[in-house]
Amino acid sequence: ASPEVLINHPDLVLVSGSSNLPLGREVADLLGAKLQEPVSRFSDGEPNIHIETNLRKREVYVMQSTSPPHVGDNHMELLALIDAAMRAHASEITAVLPYAGMMRQDRKVKARVPISAALAFNTIRDAGGTGVMTVDLHSLPSQGFFRGPADNLEARKLIIDALSAYGLQSPVVMSPDFGGFGRAAKFAEAMGLDDLAAAYKLRDINRANKTKILDMIGDVSGRDLFIPDDIGDTLGTLRGVAEEAKRRGADRIIAGV
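Values in this document were obtained by computation on a predicted structure and should not be read as measured data.

Definitions and cut-offs
Residues numbered from 1 in each chain as written. Predicted model: local features only at pLDDT ≥ 70, side-chain atom pairs only at ≥ 80, totals over all residues. Heavy atoms only, no water. Helix = DSSP H or I, 4+ residues; strand = E, 2+ residues; numbered from the N terminus. Buried < 20%, exposed > 50% of the residue type's maximum accessible area, 1.4 Å probe, protein only. Core = buried A, V, L, I, M, F, W, Y, C linked by side-chain atoms within 4.5 Å. Contact = heavy atoms within 4.5 Å. Arc of directions from axis to C-beta. Polar contact = N/O pair within 3.5 Å; in protein donor to acceptor, adjacent residues only side chain to side chain. pLDDT = per-residue confidence, 0-100. Patch = residues over 30% accessible without salt bridge, like charges linked within 9 Å, V, L, I, M, F, W, Y side chains within 5 Å. Areas by Shrake-Rupley, 256 points an atom, 1.4 Å probe, with all protein chains shown as cover. Salt bridge = Lys/Arg side-chain N within 4 Å of Asp/Glu carboxyl O.

Residue Pro69 follows Pro68 across a cis peptide bond; omega there is 5 degrees. Tracing the backbone shows Pro69 in the loop between strand 5 (59-63) and helix 3 (71-87). One non-glycine residue, Met102, lies in the positive phi region at around 60 degrees. Structurally, Met102 is set in the loop between strand 6 (92-97) and helix 4 (116-127). Despite not being glycine, Asp136 has its phi angle at roughly 45 degrees, a positive value. Checked against the element boundaries, Asp136 lands in the loop between strand 7 (131-135) and strand 8 (150-153). For Asp136, a relative accessible area of 25% corresponds to the partly exposed category.

To continue, consider the nonpolar core. The biggest cluster of nonpolar side chains holds 25 residues, and the ones touching the most others in it are Val60, Phe121 and Ile124. The set of elements that each furnish at least two residues to this core consists of strand 1 (12-16), strand 5, helix 3, strand 6 and helix 4. The contacts of Val60, once residues within four sequence positions are left out, are Val13, Val15, Leu55, Ala85, Ala90, Glu92, Ile93 and Thr94. Listed in part, the 13 residues of the second largest apolar core include Ala199, Val220, Val241 and Ala245.

Okay, helix 2 (residues 21-31) next. Among the residues of helix 2, those classed as buried are Gly24, Ala28 and Leu31. Along the axis of helix 2, the buried positions cluster into a sector of 65 degrees, meaning they face one direction only. What points out from helix 2, more than 90 degrees from its buried face, is the exposed set Pro22, Glu26, Asp29 and Leu30. A side-chain oxygen of the first residue of helix 2 lies 3.1 Å from the backbone nitrogen of Leu23; this N-cap is Asn20. The positive-phi residue at the C-terminal boundary of helix 2 is Gly32, with phi of around 65 degrees.

Confidence in the prediction of the protein chain, expressed as mean pLDDT, is 90, and 93% of residues score 70 or more. When pLDDT is averaged over each helix and strand of the protein chain, the minimum, 54, is found for helix 1 (residues 3-6) and the maximum, 98, for strand 6.

This brings us to a nonpolar patch on the surface. Side chains of Phe178, Tyr200, Leu202, Leu214 and Ile217 sit close together on the surface and give an oily, nonpolar patch of about 490 Å² of accessible area. Of all the elements in the fold, those that place two or more residues in the nonpolar patch are strand 10 (196-203) and strand 11 (211-217). Following the sequence through the fold, Ile217 ends up in strand 11.

A side chain of one charge can pair with a side chain of the opposite charge when the charged atoms of the two come close. All chains considered together, the criterion is met by 14 salt bridges. Ionic pairing is found between Arg247 and Glu244, a salt bridge with its closest N-O pair at 2.7 Å. Taken together, the residues Arg247 and Glu244, both in helix 7 (residues 236-247) and three residues apart, mark about one turn of the helix. Overall, Arg247 belongs to the exposed group, its relative accessible area being 61%. Arg248 is the partner of Glu244 in a salt bridge, and the nearest nitrogen-oxygen pair spans 2.8 Å. Arg248 sits in the partly exposed class, given a relative accessible area of 33%. Each of Asp215, Glu244, Arg247 and Arg248 takes part in one network of salt bridges that share partners.

As structure tokens, this is what we get:
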């Protein structure tokens, strides 16, 4: 909904956890709404939560990134906020996750590993969440792990707008791996480009953040290269793709993460 629709909506309550209060305040300002900031701390660090406004039969949006450096703490705080709203008889409770953590392990690739994405979404639902909202989710099929409405927003337009400052010459969009090819195709379409490229990497399933670029598909020689990715920790994959693209004659290389 547009901000004009939500301003002064009597049934709308915005709640922010502690992981990114500046973002919560900016969202509230854009909507012309009062932001609830109900989290303080006990002396041992445990969150102390008290939502002051009446939530009965109202729509509650809980904004909380489950991001580093305290992924587990932020997720537990999110669950406590949802639980508080559920016990206050809120009609709907949507978890807004600008950064949705625990989404990397979204399938079972070897024995004795969790499917953490399913676990994270299941706990949100079990706590009383009726919907989730994410931004550039690591794996779109993960939305199916949540038993309820799931909306994934995309930052593609913002990144493309920022790219205009670079004046790309004969650009080509490259996916850093085959899993991101759909994302790269959407960028190319939005940028009015026909050319796509992709890197093929081998991931070490026994160690996190360890990959090796094996090959590339597509011609990058003498071209400006744009590499869109959803998330980066060490940026090892992007660095490896850039190095290989340089060896193949790519000109400028810009990444959007």
